[in-house]
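One letter stands for each residue in the lines below.
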Amino acid sequence: MAPMAGACPASLAIAVAQAGGLGGCGALLMRPEAIRAWAAEVRSNTNGGFQLNLWIPDPPPHRDATNETLVRTFLSKWGPDVPPEAGDASPVDFVAQCEAILDAGPAIVSSIMGLYPEAFVARLKERGIKWFANVTTVAEARAAVDAGADAVVAQGMEAGGHRGAFDADKAGEALVGLFALLPAVVDAVGHRVPVVATGGIADARGIAAALILGASAVQIGTGLLRTPEAKLATAWADAIGAAQPEDTVPTRAFSGRLGRSIATAYVRAANGADAPHYVLYKSDEMAYFQNQGANAMQDLTNPIFNDVDAARAHLEALRWPHGPECPHCSSTSERIIRVEGTKKTHRKGLYYCNGCKGQFTVTVGTVLEQSHVPLNKWLLAFYLMCGSKKGISAHQLHRSLKVSYKTAWFMGHRIREAMRAGGLTEPMGGNGGIVEADETYFGKVENPRTVRTDGKPFKRGGGKGPANKRAVLSLVERDGEVRSFHIARADKETVTEIVNKNVSREARLMTDESRLYGGLQVASHERVRHAAKEYARGDVSTNLVEGYFSVFKRGMKGVYQHCSEKHLHRYLAEFDFRFNNRVSKGVHDTERTERALIKIEGKRLTYRRTDEAQDA
Ligand SMILES: Cc1cc2nc3c(=O)[nH]c(=O)nc-3n(C[C@H](O)[C@H](O)[C@H](O)COP(=O)(O)O)c2cc1C
Ligand SMILES: [Zn+2]
């Protein structure tokens, strides 16, 4: 059974398994809880073997208001009006789906549209789960096997549903039919892994032909959609039954990605020359995304990390995409002249502003101002800190950058300052969104309390229980951002104030059974009962915020070790920033670094400004 997002109820996988095949699930659109429930149902009705499948996410689309309006107008001719917010829809959190898949413990995990990140592949291997990678070209097959795939699924252009090309833009270029692709893939990688054939196979003749061409197995997709267990609407199942091969066409009409569909009136209109086009992907970004692993290594040899002039040019391009802007009076490029080079004594990268007769460089008015550390080392420090999931210690920075330990320490804090979210922020969970809240305790407070809030002495002596640990409260919007707070006291009053200030009244709040949460101004407040071993009930859970805490704690214990209480909020800003710019949101190391670099502006550390400036 081919995994088919939106068309693979447990009943179908169970029927396939009972008939001797392997059931599968395209989990693209499923929340983690739904994935777990699907797996449980299939497991209890079969011998327990099944396949779970995910799409490797694309980077977030480039929004273009004009284009979106055209698309909405076009769609409205074929159904109800499409509201502007429809464009804000975001996919289910990929990392959470990956975790749910590991929890479900399938025999096989498969991928389409790209390759799983290395770390996830390692976790699959640890658990003995086999990875099947869907490929549409010989080159993709080679890349998949090199990345550790245990089998490849060669998908011909006949396949129903979306085409699994790694590069969405090129999906229409290499439209190879299965019986040309299959033997070529078998020749290229068949001596290393089994090859599964898929696309246009729906009966025994197709299976026999694929086996003769070297396939070890086949996957059937569309052919199974007509079975009662697929629970498809009768009209759709009948349309599939009546369709001849030439009644289907490749189209981007459903998602912007290329796929094969029955040529309905809508599809024909959407494929028409005057239909608006979805502009979802930018090819350079796709290439970057696909080569993430390789790029990360190349990046360290990038001149911006080794050459101060290249670093300055990079930072200028990031800060001033439309040419230099005066940090004193905001004059723009036409009033600004480059003075560097006109006299020997001029600093590199110096500009003169005709608006205010002042001078500036790219670091004026930023956390990098007055630093004597060369800009290329700054960029490398930003990159290392943005690219390490659990952070990077001042000792490590000191060794990697060849700066003094003290300087490295100050650099780390300036970078955290850049990462800090600034200014006013919207309340979380507007429009009925879900916000998870939880607290965690970490490290001892500097002045432990000796008595409890109720005035009685602690039973186990001061300094042990949570009361004398540093408390952190985090709020996470499902599929969205996290906000963390170091709170002096984990009591109801403090928690209530923070939640009411940061969470929308329209939000659904989810917490555990802790008594810290109560009487809050939210649309609903649901609790999971951890004491009763309940971790999720429907979509009620605190798994996302707990996932955040686990990274935070591993980082604080493993990397930072000693962090004084007064700096804890800075480390929280760092972990928040990385979480909010995480891979599952389509943000990889280089882009995450750039986002931090853009935030250097308008922020100056206020504590020990002067000595610190000399140190870093
Ligand atoms: C409705 C539908 C949804 C699909 N969704 C997925 C998916 O989520 N993941 C995936 O790897 N393949 C998906 N596919 C592709 C199938 O796995 C398989 O490649 C294709 O169906 C094989 O061609 P056939 O439909 O001619 O049998 C989907 C196919 C269909 C028809
Ligand atoms: Zn000026």
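Quick note: structure is the one above.
Figured I'd write up the structure that's included with this text. (Residues numbered from 1 in each chain as written. Chains lettered and ligands numbered in written order. Predicted model: local features only at pLDDT ≥ 70, side-chain atom pairs only at ≥ 80, totals over all residues. Heavy atoms only, no water.)

For the rest of this paragraph, the subject is the site of ligand 1. Looking at ligand 1, there are 18 residues lining it, with Pro3, Asn53, Gly200, Gly221 and Thr222 nearest. Contact distances for ligand 1 include 3.0 Å between an oxygen atom and a backbone N or O atom of proline 3. The separation between an oxygen atom of ligand 1 and a polar main-chain atom of glycine 221 is 2.8 Å. Here the shell around ligand 1 is composed, by residue class, of nine nonpolar, nine polar and no charged. (Near = heavy atom within 4 Å. Polar contact = N/O pair within 3.5 Å; in protein donor to acceptor, adjacent residues only side chain to side chain. Nonpolar A, V, L, I, M, F, W, Y, C, P; charged D, E, K, R; others polar.)

Moving on: the packing of helix H1 (residues 10–18) against helix H2 (residues 32–45). Where H1 meets H2, the closest approach of the two axes is 9 Å, and the angle between their N-to-C directions is 30°. Classified by the angle their axes make, H1 and H2 are roughly parallel. Like other packed secondary-structure pairs, H1 and H2 cross with a definite hand, here right-handed. Along the contact surface, H1 presents Ala10, Ala13, Ile14 and Gln18, while H2 presents Trp38, Glu41, Val42 and Asn45. Classifying every residue of the contact of H1 with H2 gives five nonpolar, two polar and one charged. (Axes fitted to C-alpha atoms, helices over the stretch in contact; angles between N-to-C directions. Helix = DSSP H or I, 4+ residues; strand = E, 2+ residues; numbered from the N terminus. Parallel < 35°, antiparallel > 145°, perpendicular 65-115°, else oblique. Left-handed = near helix turned anticlockwise from the far one by under 90°. Contact = heavy atoms within 4.5 Å.)

A word on the packing of helix H6 (residues 138–146) against helix H7 (residues 178–189). One can describe the packing of H6 onto H7 by two numbers: an axis separation of 9 Å at closest approach and a directional angle of 35°. Pair H6 / H7 crosses with right-handed handedness. Where H6 abuts H7, its residues Val138, Ala141, Arg142 and Val145 lie against Leu181, Ala184, Val185, Ala188 and Val189. For the contact of H6 with H7, the per-class residue count stands at eight nonpolar, no polar and one charged.

This brings us to the environment of tyrosine 405. Tracing the sequence through the fold places tyrosine 405 in helix H16 (residues 405–419). Look at tyrosine 405 and you get partly exposed, because its relative accessible area is 36%. In this structure, the C-alpha to C-alpha distance between tyrosine 405 and histidine 395, residues 10 residues apart in sequence, is 6.2 Å. Contacts of tyrosine 405, omitting those with residues within four sequence positions, involve Ala394, His395 and His398. (Buried < 20%, exposed > 50% of the residue type's maximum accessible area, 1.4 Å probe, protein only.)

Below, the discussion takes up the side chain of serine 514. Position of serine 514 relative to the elements: it lies in the loop between strand E17 (508–511) and strand E18 (524–527). On the basis of relative accessible area, serine 514 is assigned to the buried category, the value being 16%. A polar contact is formed between the side chain of serine 514 and the backbone nitrogen of leucine 516, at a distance of 3.0 Å. Discounting chain neighbours no more than four positions away, the residues touching serine 514 are Glu439 and Arg527.

Attention shifts here to the pattern of salt bridges. It is possible for side chains of opposite charge to pair when their charged atoms get near one another. Enumeration according to the criterion identifies 22 salt bridges in this entry. Notably, a salt bridge pairs aspartate 539 with arginine 508, separated by 3.0 Å at the nearest N-O pair. Taken as a pair, aspartate 539 in the loop between strand E19 (536–537) and strand E20 (540–541) and arginine 508 in strand E17 lie far apart in primary sequence, 31 residues in all. The partly exposed category is assigned to arginine 508, whose relative accessible area is 23%. What emerges from the salt-bridge pattern is a single network uniting Asp309, Arg312 and Lys348. (Salt bridge = Lys/Arg side-chain N within 4 Å of Asp/Glu carboxyl O.)

So, about the coordination of the zinc ion (ligand 2). Every protein donor of the zinc ion (ligand 2) is accounted for by Cys326 (SG), Cys329 (SG), Cys353 (SG) and Cys356 (SG), and the metal-donor separations fall at 2.3 Å. Around the zinc ion (ligand 2), the four donor atoms are arranged such that angles at the metal cover 102 to 114°; this shape is classified as tetrahedral. One chain supplies every donor to the zinc ion (ligand 2), and in sequence these donors are spaced C-x2-C-x23-C-x2-C. Of the two residues, cysteine 326 is situated in the loop between helix H13 (308–319) and strand E11 (336–338) and cysteine 353 in strand E12 (residues 351–353); the sequence distance between them amounts to 27 residues. The residues cysteine 326 and cysteine 353 share a single accessibility class, namely buried. (Donors = N, O, S within 2.8 Å, 3.2 Å for Na, K, Ca; no water. Tetrahedral: all angles 85-135°; square planar, octahedral: opposite > 155°, others 65-115°.)

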